[in-house]
Amino acid sequence: MAKLMPIMLALKQVSFGYKANMPLSVNNISLNLAQGSCTAILGPNGAGKSTLISLMSGLLTAQTGHISYPFYSQCTTKKAIAQKVALVPQDFAFYHELSVHDNLAFFVSISEKNRSLHSNHIKSAIRACGLDDVTNKMAGSLSGGYKRRLNIAIALSKQPDIIFLDEPTVGIDPLSRDAIINLLLDLKQQGKTLVYTSHLLHEVELLCDEVVFLNNGKVVANELLNIQKPSLNFTTVKPLSPTQITLFTQPITILENGGHQLKVSNSEQLASAFIVLANLSHDIKTLTFSNSHIEQLYRDLFSESSC
């Protein structure tokens, strides 16, 4: 029997509107987020994603309904958010004229009152986000990928248990994106609870356990992702030899049409599979990435509203 993880964040019939006599930006939403999970909040522009994240992270206050942090029931919601919740915004939330180290030092001084812990928190965030080579560089001079990592490092320097990430890989190169995805997978393994928004749906399928689809402030679908994973399908000119099969790091399924299928659980497996397939390029007849289950559902739900 699967172990039931503690509920870190609970929303019960939460609603919020910016102006009277206008449609609610968040309309009667109830959610439970478990420890060690990653939940994606998806929807078209104006669906209410940013407002919902602002409510969950304490930037806005619900007008009706209730938001609680059951795991921290011994303290107030305000204190739980201040101590255990971090937000990684889409915009760069650091000082461009300060170095990476000085940015982290500044934000740690705000979140951690015990000065004896500051150095360890800074070093831990730098190490986790792969910022060792740019520690003393001005933040404004960093590449887009390193700026995204610094955004995340500032959040991690708070030592949070719950992390909200608003499109943390937007506008960066594939290698930087892989580094961030692997970091987030590692955070999940550590038991961190992640809330994720992105328009890159393959990232969602690699990272997330659950997807909440919003439209006009309401939850229109809720999808679990802990079973289905993306896959690579390929056919070969002739059957693969046992030696060739052993080159792959994950099991190969033989399909009815004689093709092969590789299930992909993370970006490392995807990269490894492409390396092997490149080495076998003369033997590969066709290669396709499986149709994204989440992408198809997204299109089905929102194709009319986006027109």
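Residues numbered from 1 in each chain as written. Predicted model: local features only at pLDDT ≥ 70, side-chain atom pairs only at ≥ 80, totals over all residues. Heavy atoms only, no water.

Peer 1: With reference to specific residues and values, describe the overall build of the chain.
Peer 2: For the chain, the count of helices and strands is ten helices and 13 strands. Its C-alpha atoms give the chain a radius of gyration of 21 Å, near enough to 19 Å, the size a compact globule of 307 residues would have. Seen through its C-alpha atoms, the chain measures out along the principal axes to roughly 65 × 50 × 45 Å. Each of the 307 residues in the chain was classed as buried or not, and the buried ones make up 47%. Residue pairs at least 24 apart in sequence account for 69% of intrachain contacts in the chain once pairs closer than 6 positions are excluded. (Helix = DSSP H or I, 4+ residues; strand = E, 2+ residues; numbered from the N terminus. Rg over C-alpha atoms; globule rule 2.2 N^0.38 Å. Buried < 20%, exposed > 50% of the residue type's maximum accessible area, 1.4 Å probe, protein only. Contact = heavy atoms within 4.5 Å.)

Peer 1: Give me helix 3 (residues 100–111): which residues, what numbers.
Peer 2: Look at helix 3: 17 Å from first C-alpha to last across twelve residues, which is about the 16 Å you get at 1.5 Å a residue. What helix 3 keeps buried is the set V100, N103, L104 and V108. Projected down its long axis, helix 3 carries its buried residues within an arc of 125°, all on one side. Buried residues in helix 3 make contact with helix 4 (118–128) and helix 5 (144–156). (Expected span 1.5 Å × (residues − 1). Arc of directions from axis to C-beta.)

Peer 1: Report on the sheet that holds strand 4 (residues 64–68), specifying residues and quantitative values.
Peer 2: Strand order in this open sheet of three strands is 2-1-4, and the pairing throughout is antiparallel. Looking at which strands have only one partner, the edges of the open sheet turn out to be strand 2 (26–34) and strand 4. Shown here is a sheet whose adjacent strand axes are inclined to one another by a mean of 10°, direction ignored. Pairing of strand 1 (residues 7–16) with strand 2, which is carried by six bridges, proceeds in the antiparallel orientation. Within strand 2, the position partnered with V14 by the bridge is I29. (Pairing = 2+ DSSP bridges. Axes fitted to C-alpha atoms, helices over the stretch in contact; angles between N-to-C directions.)

Peer 1: Please give an account of the pattern of salt bridges that cites residues and values.
Peer 2: A complete count under the given rule lists three salt bridges for this structure. For the salt bridge of D161 with K192, the shortest nitrogen-to-oxygen distance reads 4.0 Å. Of this pair, D161 sits in the loop between helix 5 and strand 6 (162–166) while K192 is found in the loop between helix 6 (174–189) and strand 7 (193–197), placing the two residues 31 residues apart along the sequence. Residue K192 is classed as buried on the basis of its relative accessible area, which comes to 15%. (Salt bridge = Lys/Arg side-chain N within 4 Å of Asp/Glu carboxyl O.)

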